[in-house]
Amino acid sequence: MSDITVKFDDVSFSYGSINVLKDASFHIHKGEFVAMVGPNGSGKTTVLKLLLGMEKPSAGSIMISGTTAYVSQHMPNDNLFPISVHDVVRMGLLHSNKNYSKNCYAAAEEAMEKTGITDIASRSYSSLSGGQKRRALVARALAGKPQFLVLDEPAANMDVESELQLYETLGVYKGISTILIVTHDTEFVTSLTDRVLCLGDDYKIVQHGIEAGAAGRHGAVSGNVRVLHGENISCC
């Protein structure tokens, strides 16, 4: 168990009479890069809420080891609040440090450099484009050097260049942090992907060699979640 960062063990959850998860089981090893895919309404948001402690399972257990950083799909923004990009990134240090130190500033600078936003550090966060805001929020998460990094639709509103830089950055942190990317894009697979968690019955990733169908060929079904391992994943 020491090398497992996340473990869902026969987890069930429902909203009233609507069952969302039923006996779902999966685990993520330390340092893995995992994609959780599925169409809208398949239960991805519920799994996120359970991972972040916003909801409790009605049955089963959830184990998470180490600190968790979350990059939301929705970007908070208040145009009347004058905060710089640098200040946004340093917010990622607050969970573990009551006072800033030289090392903390260095961690923020490193995160900005690796996400390619050093040149806009002094700009107002509210003045940024959607892609720049997303990279700032990723840098904020990385500044705290989390053991478990969760990103919800991280490439939303990004141009191609920004998206490539994001995944290049995540590749640097792969193996250092356990990374989970959540997306409704059922064809999402990158060369970084070690494992795919598929939610919902109607998915097809034939472009990347994964196709809905016989679980024995492509992975194991655990409750609502189909788990596809590295040997069953190919990326163009």
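Calculation rules
Residues numbered from 1 in each chain as written. Predicted model: local features only at pLDDT ≥ 70, side-chain atom pairs only at ≥ 80, totals over all residues. Heavy atoms only, no water. Buried < 20%, exposed > 50% of the residue type's maximum accessible area, 1.4 Å probe, protein only. Helix = DSSP H or I, 4+ residues; strand = E, 2+ residues; numbered from the N terminus. Core = buried A, V, L, I, M, F, W, Y, C linked by side-chain atoms within 4.5 Å. Contact = heavy atoms within 4.5 Å. Salt bridge = Lys/Arg side-chain N within 4 Å of Asp/Glu carboxyl O. Phe/Tyr/Trp six-rings, centres within 6.5 Å; stacked < 30°, edge-to-face > 60°. Lys NZ or Arg CZ within 6 Å of the ring centre and 35° of its normal. Pairing = 2+ DSSP bridges. Axes fitted to C-alpha atoms, helices over the stretch in contact; angles between N-to-C directions. Expected span 1.5 Å × (residues − 1). Arc of directions from axis to C-beta. pLDDT = per-residue confidence, 0-100.

So, on to the pairing of strand S8 (residues 195-199). S8 sits mainly inside the fold: 5 of its 5 residues count as buried. Burial along S8 is two-sided: Arg195, Leu197 and Leu199 and Val196 and Cys198, pointing in opposite directions, are all buried.

In this section: the nonpolar core. The biggest cluster of nonpolar side chains holds 40 residues, and the ones touching the most others in it are Val89, Ile117, Leu149, Leu151, Leu170, Ile179 and Ile181. Here this core gets 7 residues from one element, more than from any other, and that element is helix H4 (residues 130-143). Among residues more than four places away in sequence, those in contact with Ile181 are Phe33, Val34, Ala35, Met36, Leu151, Pro154, Tyr167, Leu170 and Phe188. Formed by 21 residues, the second largest nonpolar core is a distinct cluster that contains Phe8, Val20, Met36 and Val150.

Moving on, we come to unusual backbone geometry. One non-glycine residue, Asp10, lies in positive phi territory at about 50 degrees. With respect to the helices and strands, Asp10 occurs in strand S1 (residues 4-15). Of the residues examined, Asp10 reaches a relative accessible area of 41% and is grouped as partly exposed. Notably, Lys145 is not glycine yet its phi reads approximately 50 degrees, a positive angle. One can find Lys145 in the loop between H4 and strand S6 (148-152). Judged by relative accessible area, Lys145 falls into the partly exposed class, the value being 45%.

It is worth spelling out the pattern of salt bridges at this point. Throughout the structure, instances matching the rule amount to 5 salt bridges. Lys145 is paired through a salt bridge with Glu110; the nearest N and O atoms lie 3.1 Å apart. Residue Lys145 is found in the loop between H4 and S6, and its partner Glu110 is found in helix H3 (residues 102-114); the two are separated by 35 residues along the sequence. Given a relative accessible area of 27%, Glu110 falls into the partly exposed group.

Position of Thr118 among the secondary structure elements: in the loop between H3 and H4. A residue is classified by how much of its surface remains accessible, and Thr118, at 43% relative accessible area, is partly exposed. In this structure the C-alpha to C-alpha distance between Thr118 and Ala108, which are 10 residues apart in sequence, comes to 9.9 Å. In this structure, Thr118 is in contact with Met112 and Glu113, ignoring residues within four places of it in sequence.

Within the structure shown, the criterion is met by 2 aromatic pairs. Ring centres of Phe8 and Phe26 lie 4.6 Å apart, and the angle between their planes is 20 degrees; on these two criteria the pair is classed as stacked. Taken together, the residues span a long stretch of sequence, with Phe8 in strand S1 and Phe26 in strand S2 (residues 18-29) at a distance of 18 residues. The exposure class assigned to Phe26 is buried, which follows from its relative accessible area of 6%. Lying over the aromatic face of Tyr173, Lys114 brings its terminal NZ or CZ to 5.0 Å of the ring centre.

Before going further, it helps to examine the sheet that holds strand S4 (residues 59-64). Read across the open sheet, the 3 strands follow the order S2-S1-S4; overall the sheet is antiparallel. Looking at which strands have only one partner, the edges of the open sheet turn out to be S2 and S4. If you compare each strand with its neighbour and ignore which way they point, the axes differ by 15 degrees on average. Where helix H1 (residues 44-51) meets the sheet, its contacts fall on S1, S2 and S4, and the angle it forms with S1 comes to roughly 120 degrees.

What follows deals with helix H5 (residues 160-173). Given a rise of 1.5 Å per residue, 14 residues ought to cover 20 Å, and the 20 Å separating the end C-alpha atoms of H5 matches this to within 8%. Residues Ser162, Leu166, Tyr167, Thr169, Leu170 and Tyr173 constitute the buried set of H5. The buried residues of H5 occupy an angular sector of 155 degrees when projected down its axis, which confines them to one face. Exposed residues on H5 whose side chains face more than 90 degrees from its buried face are Val160, Glu161, Leu164 and Glu168. Following H5 by one or two positions, Gly175 has its phi on the positive side, about 95 degrees.

Of the residues in the protein, 76% have a pLDDT of 70 or more, and the chain-wide mean is 78. Within the protein, S4 carries the highest mean pLDDT (94), whereas helix H6 (residues 215-218) carries the lowest (34). Scored below 50 in pLDDT, residues 230-236 makes 23 contacts in the model with residues more than four places away or belonging to other chains.

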